[in-house]
Amino acid sequence: MVELVLNVLLVLASVLLVVLILLHRGKGGGLSSMFGGAVSSQLSGSSVVEKNLNRLTVFTGFVWAICIVTLGILLKV
Amino acid sequence: MLQAFAAAFRTPDLRRKLLFSLAIIAVYRLGAAVPGPGVSVEAINSCLEQAQAGSQRDVYSLVNLFSGGALLRLSIFALGIMPYITASIIVQLLVVVIPRFEQLKKEGQSGQQKLTQYTRYLTIALAVLQSTGIIALARSGQLFPGCQQEIIPSESIWTTVVLVIALTAGTAVIMWLGELLTEKGIGNGMSVLIFTSIAARIPAEGGSILQTRGGVVFAVVCAFALLIIGAVVYVEQAQRRIPVQYAKRMVGRRMYGGTSTYLPLKVNQAGVIPVIFASSLLYLPQLITQLQGDETGPVRQFFENYVIDQSNAVHVALYFGLIVFFTYFYVSITFNPEERADDMKRYGGFIPGIRPGRPTAEYLQYVLSRITLPGSIYLGIVAVLPNFFLSITQQGANQNFPFGGTAVLIMVGVGLETVKQIETQLNQRNYEGFLK
């Protein structure tokens, strides 16, 4: 029963996490900033939206990690 | 040297950046050690032991290397940054092919943003594909050929679905970590993460060489690694300095300009990106054939024999060719001679003996394309050569192995770039740097 709940929670958290991360402005991050060269950190004064999004993503990430670790422990024991 | 480190930590904003980067790296490594839900750690461990004892060809050596050994453990960060790299290559190549993408790229900032967004969507799609493929392999027991243990004990389809979703989310998290690292840390996030993964494997791999092959081979391999490091640093720092003369200008009552400087053109303007791209592109056919599933089909046989097998001459030639191609491709994307010439003209600069404007752009292009040729060939040779030597000294070794050309190239390149970035930050405060 606990396992099922955790599984459902994990799936929900994963999907939410992916959506949240995709919502972030890809600030020319990653490889694509190597590309196109001068995509300097333009209006990098992170807006309120971005700040809240960060907070929400970190929170979801925590839930996600806790789900995975607990599931791992449950299945192992 | 140590003093410079201390200085770096005494500077508050630099210290914050360094600590942030270290924290991200720690999270990344931690995630690489956490097994995915429903994966049996015991079975994986015993299978890994078996795989190390036997000298069978590692199906996933490259991805495994790029993910720091997380792939074969089926941890939540199993896929590493590979999907993101593959996605960016695909999008950048599509820019040349699809007119709409080209238009977006020319649009500047907002267009670039859109392209980045497409890359991120594509990353998630690729992550779903790849995680499905790998879990299917693990289920059918092909991930560790010859190992009898059940890696995923539960038979239900539900476990598989959860695992696929969790791995996809893990890839998204890695992507985000990389972006955060680029934004708030030191260096380029993606390459720093690759660097971390490769570096994490070195002690274990070195130990296993020392144990299985003995001290002499170990010493030879180490000497080779040092040699490659020397060669890489040598070329990485090489540059051609084109003299630029600035005209004198009067602004108000002040006199500006009149100085003569130079425009540095690096021999290897592209850095390590071509190597990363070439090796990831060579991995693509593997992904496709693996998704196809049919094991004995002629297409798959062909790919396995010629493209995937790393001791094959076709593979080596292909790898070399791709590195040369991507060097030119990447240089053409990052360095725009016309823009440079325009900038120079605007500030009253000129190259002695060459008219400003279009002739200058043509001259820069001329020099650049000639200087890149040895650069690209050098890069290719350094990446490919160890292939030959290592296959002489020991069977089954390949360039994806941490001491091989590709890995060392990536590590040294990323290390140099990151240190340079730290140094420019440090130079804002005082002049004592890492590199003298």
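Conventions used here
- Residues numbered from 1 in each chain as written.
- Chains lettered and ligands numbered in written order.
- Predicted model: local features only at pLDDT ≥ 70, side-chain atom pairs only at ≥ 80, totals over all residues.
- Heavy atoms only, no water.
- Helix = DSSP H or I, 4+ residues; strand = E, 2+ residues; numbered from the N terminus.
- Contact = heavy atoms within 4.5 Å.
- Areas by Shrake-Rupley, 256 points an atom, 1.4 Å probe, with all protein chains shown as cover.
- Axes fitted to C-alpha atoms, helices over the stretch in contact; angles between N-to-C directions.
- Left-handed = near helix turned anticlockwise from the far one by under 90°.
- Nonpolar A, V, L, I, M, F, W, Y, C, P; charged D, E, K, R; others polar.
- Salt bridge = Lys/Arg side-chain N within 4 Å of Asp/Glu carboxyl O.
- Buried < 20%, exposed > 50% of the residue type's maximum accessible area, 1.4 Å probe, protein only.
- Polar contact = N/O pair within 3.5 Å; in protein donor to acceptor, adjacent residues only side chain to side chain.
- Pairing = 2+ DSSP bridges.

Novice: What am I meant to see in the overall build of chain A here?
Specialist: The number of helices and strands found in chain A is three helices and zero strands. Taken from the N to the C terminus, the helices and strands of chain A come in the order α-α-α. Considering only contacts within chain A whose residues lie at least 6 apart along the sequence, 92% involve residues at least 24 apart. Counting only carbon and sulfur atoms, one obtains 75% of the accessible surface of chain A, whose full area is about 4300 Å².

Novice: Mind showing me how you'd approach the packing of helix α1 (residues 2-23) of chain A against helix α8 (residues 157-184) of chain B here?
Specialist: Each pair of packed helices gets described by two things: the angle between the helix axes and the distance between those axes. Between α1 of chain A and α8 of chain B, whose axes approach to 9 Å, the crossing angle comes to 35°. Considering the relative orientation of α1 of chain A and α8 of chain B, their crossing is left-handed. For the pair α1 of chain A and α8 of chain B, contact is made by Leu4, Asn7, Val8, Leu10, Val11, Ser14, Val15, Leu17, Val18, Ile21 and Leu22 of chain A and by Trp158, Val162, Ile165, Ala166, Thr168, Ala169, Ala172, Val173, Met175 and Trp176 of chain B, respectively. Partitioned by chemical class, the residues of the contact of α1 of chain A with α8 of chain B number 18 nonpolar, three polar and no charged.

Novice: Explain the pattern of salt bridges to me, please; I cannot follow it from the model alone.
Specialist: Where charged atoms from two side chains of opposite charge approach closely, those side chains can pair. All names here are of chain B. One pass over the structure, following the stated rule, counts three salt bridges over all chains. Linking Glu179 and Arg120 is a salt bridge whose minimum nitrogen-to-oxygen distance equals 2.9 Å. Of this pair, Glu179 sits in helix α8 while Arg120 sits in helix α7 (residues 109-140), placing them 59 residues apart in sequence. Of the residues examined, Glu179 reaches a relative accessible area of 7% and is grouped as buried. A residue is classified by how much of its surface remains accessible, and Arg120, at 0% relative accessible area, is buried. For Arg358, the salt bridge goes to Glu362, with nearest N and O atoms at 3.4 Å. With Arg358 and Glu362 both in helix α15 (residues 358-393) and four residues apart, the pair spans about one turn of that helix. Note on Glu362: relative accessible area 45%, which makes it partly exposed.

Novice: Even after reading the chapter, I still don't get the interface of chain A and chain B, so can you show me in this structure?
Specialist: Frequently, the measure chosen for interface size is the accessible area removed from exposure when the parts meet. Each side of the interface is counted separately: chain A has 34 residues, and chain B has 44 residues. Joining chain A to chain B, the criterion identifies zero salt bridges. At the surface where chain A touches chain B, the tally comes to five residue pairs in polar contact (both at pLDDT 80 or more). Of all the elements in the fold, those that place two or more residues in the side of chain A that touches chain B are α1, α2 (31-34) and α3 (48-76) of chain A. Counting residues per element, the side of chain A that touches chain B draws most heavily on α1 of chain A, at eleven residues. When its residues are assigned to classes, the side of chain A that touches chain B shows 18 nonpolar, 13 polar and three charged.

Novice: Is there a simple way to think about the environment of Gln112 of chain B in this case?
Specialist: One can find Gln112 of chain B in helix α7. Counting along the chain gives 237 residues from Gln112 of chain B to Gly349 of chain B, while the straight-line C-alpha distance between them is 30 Å.

Novice: Just to check I follow, could you spell out the sheet that holds strand β5 (residues 349-350) of chain B for this structure?
Specialist: Backbone hydrogen bonds are what pair the strands of a sheet, in a parallel or an antiparallel way. All names here are of chain B. Sheet architecture is open: three strands sit in the order β4-β1-β5, paired in antiparallel fashion. One side of each edge strand has no neighbouring strand; the edge strands of this open sheet are β4 (260-266) and β5. Inspection of the sheet shows strand β1 (residues 239-246) paired to β4 by seven bridges, in the antiparallel sense. When the bridges of β4 are listed, Ile242 appears paired with Leu263.

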